[in-house]
Amino acid sequence: MIRVSVDLMGGDHGPEVVVPGVAKALERHPDIHFTLFGLEPECTPILAKYPALARSSTFVACEVAVGMDDKPSQALRRGRYRSTMWRAIEAVKTDDVDVCVSAGNTGALMAMSKFCLRTMANIERPAIAAIWPTLRGESIVLDVGATIGADAQQLIDYAMMGAAMARALFEIEKPTVGLLNIGVEEIKGQDEVKEAGRMIREAAMPSLDYYGFVEGNDLGKGTVDVVVTEGFVGNIALKTAEGTARQIAEYLRAAMSRTLMARIGYVFAKGAFNQVREKLDPGKVNGGVFLGLNGIVIKSHGGADADGFAAAVDVGYDMARNGLKSKIEHDLNLFHKRRSTLVVPATDSSSN
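Residues numbered from 1 in each chain as written. Predicted model: local features only at pLDDT ≥ 70, side-chain atom pairs only at ≥ 80, totals over all residues. Heavy atoms only, no water.

Right, let's get into the overall build of the protein chain. The helix and strand tally for the protein chain stands at 14 helices and eleven strands. A compact globule built from 352 residues should have a C-alpha radius of gyration of about 20 Å, and the protein chain, at 22 Å, falls within 12% of that. Along the three orthogonal principal directions, the C-alpha set of the protein chain runs to about 75 × 60 × 35 Å. Expressed as a percentage of its 352 residues, the buried residues of the protein chain come to 51%. Across the protein chain, contacts joining residues at least 24 apart in sequence account for 73% of those joining residues at least 6 apart. In the protein chain, which carries 39 positive and 43 negative side-chain charges, the distance between the mean positions of the two groups comes to 3 Å. (Helix = DSSP H or I, 4+ residues; strand = E, 2+ residues; numbered from the N terminus. Rg over C-alpha atoms; globule rule 2.2 N^0.38 Å. Buried < 20%, exposed > 50% of the residue type's maximum accessible area, 1.4 Å probe, protein only. Contact = heavy atoms within 4.5 Å. Lys, Arg positive; Asp, Glu negative; His and termini not counted. Charge placed at Lys NZ, Arg CZ, Asp CG, Glu CD.)

Here it is as structure tokens:
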């Protein structure tokens, strides 16, 4: 049994979308037990429409819902210990559930998660990992906006966590990992990126295959299973990709309705265009994973529909079932042991 807590009030549409999404996820994974946190007047009429979900869940009434526009500090002041978001996260801390899923305010969700769960040992900063559609299938990109900037050690932490997530989600024994850079040559890029690359290569971790530097066009190609970058660049890349996908979809829609012949052609090619639309829909690969915390938290797109929210639950299910947290802890401990044997103190070399 996988236990999942859900913030029913998160997202642009709240329980009207989240509850049907949870019901869809239950159809795919009948071995889930949900603990649902919401405002009773708004949630119980919708939950009544899904009797199968009612039988496989526990509803917990809360006092406060965090707004999508609330600042993290404001959300903590108003919602700590009382809000649907906080209590869904807290259920992970108390080991009542294995994973938390919310479509709520990203800043508030990260702030509450860090405050409630704390970061893992040897992790300075958590990261948000996104699932990225590629020509080869899917990759993982992190960080996509948890924090801005990262030094070499933090980039290495992201690499370890991303590789562990790839093993848990894609069930790849040794995922390939690349550092996002302005070129593939070792002499290019910021010092932090070059130093991180050197340290990962020297550690020769058995749990990942370090590919080297990758560029922006490698994101869509799927050159590696895990792409590592700092949060500022990662968030811009994510938003650019989502905007480009919508732009291409609009171009196709406009082109297919421009002339009579184009509309006739669309009738015959409708199946192919539907496949393209599915590939370009960011909601189909929904579910950002907060990595580096003492517990698993999944962030759904705020504007996701029921299918999109169900996809986020799917990600949480896989993370819990395949032991994401234990994989991260194992890899980080192994890396630090290997690093300690590789680093020669500067005083030894100077004295010779």
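Turning to the pairing of strand 4 (residues 99-102), a few remarks are in order. Neither face of strand 4 is exposed, since Val 99 and Val 101 on one face and Cys 100 and Ser 102 on the opposite face are all buried. Direction of pairing for strand 1 (residues 2-7) relative to strand 4: parallel, over a ladder of four bridges. Bridged to Asp 7 within strand 4 is Ser 102. Alignment of strand 4 against strand 11 (residues 296-299), held across four bridges, turns out to be parallel. The residue of strand 11 that forms the bridge with Ser 102 is Lys 299. (Pairing = 2+ DSSP bridges.)

On inspection of all chains with the given rule, the structure shows two aromatic pairs. Ring geometry for Tyr 81 versus Trp 86: centroids 5.1 Å apart, planes at 70°, classification edge-to-face. The exposed category is assigned to Tyr 81, whose relative accessible area is 52%. On the basis of relative accessibility, which here comes to 3%, the residue Trp 86 falls in the buried class. In this arrangement the basic side chain of Arg 118 is found over the ring face of Phe 115, its NZ or CZ atom lying 5.2 Å from the centre. (Phe/Tyr/Trp six-rings, centres within 6.5 Å; stacked < 30°, edge-to-face > 60°. Lys NZ or Arg CZ within 6 Å of the ring centre and 35° of its normal.)

The next subject is the packing of helix 5 (residues 84-93) against helix 6 (residues 106-117). Axis separation between helix 5 and helix 6 bottoms out at 10 Å; the angle between their running directions is 35°. Remark: the crossing between helix 5 and helix 6 carries right-handed chirality. Two secondary-structure elements touch here, helix 5 through Met 85, Trp 86, Ile 89, Glu 90, Val 92 and Lys 93 and helix 6 through Ala 108, Leu 109, Met 112, Ser 113, Phe 115, Cys 116 and Leu 117. Of the residues belonging to the contact of helix 5 with helix 6, the class tally is ten nonpolar, one polar and two charged. (Axes fitted to C-alpha atoms, helices over the stretch in contact; angles between N-to-C directions. Left-handed = near helix turned anticlockwise from the far one by under 90°. Nonpolar A, V, L, I, M, F, W, Y, C, P; charged D, E, K, R; others polar.)

Time to look at the pairing of strand 8 (residues 209-214). Strand direction decides the pairing type here: strand 7 (residues 176-180) and strand 8, joined by five bridges, are parallel. Bridge assignment links Leu 180 to a residue of strand 8, and that residue is Val 214. Crossover connection from strand 7 via helix 8 (residues 191-203) to parallel strand 8: handedness right-handed. (Right-handed = clockwise from strand over helix to strand, strands pointing away.)

Before going further, it helps to spend a moment on helix 10 (residues 231-256). The end-to-end C-alpha distance of helix 10 is 38 Å, a good match for the 38 Å that 26 residues give at a rise of 1.5 Å each. Three or more residues of helix 10 are buried, namely Gly 231, Gly 234, Ala 237, Leu 238, Glu 242 and Ala 245. Where helix 10 starts, the residue carrying a side-chain oxygen 2.9 Å from the main-chain nitrogen of Phe 232 turns out to be Glu 230. (Expected span 1.5 Å × (residues − 1). Polar contact = N/O pair within 3.5 Å; in protein donor to acceptor, adjacent residues only side chain to side chain.)

Attention now goes to a nonpolar patch on the surface. On the surface, Ile 148, Phe 232, Val 233 and Ile 236 cluster together to form a nonpolar patch covering roughly 390 Å² of accessible area. Inspection of the secondary structure assignment puts Ile 236 in helix 10. On the basis of relative accessible area, Ile 236 is assigned to the partly exposed category, the value being 43%. (Patch = residues over 30% accessible without salt bridge, like charges linked within 9 Å, V, L, I, M, F, W, Y side chains within 5 Å. Areas by Shrake-Rupley, 256 points an atom, 1.4 Å probe, with all protein chains shown as cover. Salt bridge = Lys/Arg side-chain N within 4 Å of Asp/Glu carboxyl O.)

For soluble globular proteins, the rule of thumb is that nonpolar side chains tend to be buried together. The biggest cluster of nonpolar side chains holds 72 residues, and the ones touching the most others in it are Phe 34, Met 165, Met 319 and Leu 324. Ranked by the residues each element gives to this core, the list is headed by helix 7 (residues 152-169), at 13 residues. Filtering out sequence-adjacent residues up to four positions away, Met 319 remains in contact with Met 165, Ala 168, Leu 169, Val 289, Ile 296, Ile 298 and Leu 324. Counting residues in hydrophobic clusters, the runner-up holds 36 residues, among them Ala 111, Trp 132, Val 227 and Leu 293. (Core = buried A, V, L, I, M, F, W, Y, C linked by side-chain atoms within 4.5 Å.)

Further remarks concern the sheet that holds strand 4. As a general point, the strands of a sheet are linked pairwise by backbone hydrogen bonds and lie either parallel or antiparallel. If you walk across this open sheet you meet the eleven strands as 3-2-1-4-11-10-5-6-9-7-8, and the pairing is mixed. Two strands bound the open sheet, and with one partner strand each, they are strand 3 (57-61) and strand 8. Here the average twist between neighbouring strands, direction ignored, is 25°. Pairing analysis gives three bridges linking strand 7 to strand 9 (residues 226-228), with the strands arranged parallel.

Another point: the pattern of salt bridges. Any two side chains of opposite charge can pair if their charged atoms end up close together. What the rule picks out here adds up to 15 salt bridges. Residue Arg 78 is joined to Asp 70 by a salt bridge in which the shortest nitrogen-to-oxygen separation is 3.1 Å. A salt bridge links Asp 318 to Arg 321, with the nearest nitrogen and oxygen atoms 3.3 Å apart. On the criterion of helical spacing, the pair formed by Asp 318 and Arg 321 is a turn pair, its members being three residues apart in helix 12 (residues 306-321). For Arg 321, a relative accessible area of 41% gives the class partly exposed. One network of salt bridges, in which partners are shared, links Arg 3, Asp 95 and Asp 98.

The quantities given are spatial measurements derived from coordinates; they are silent on function.
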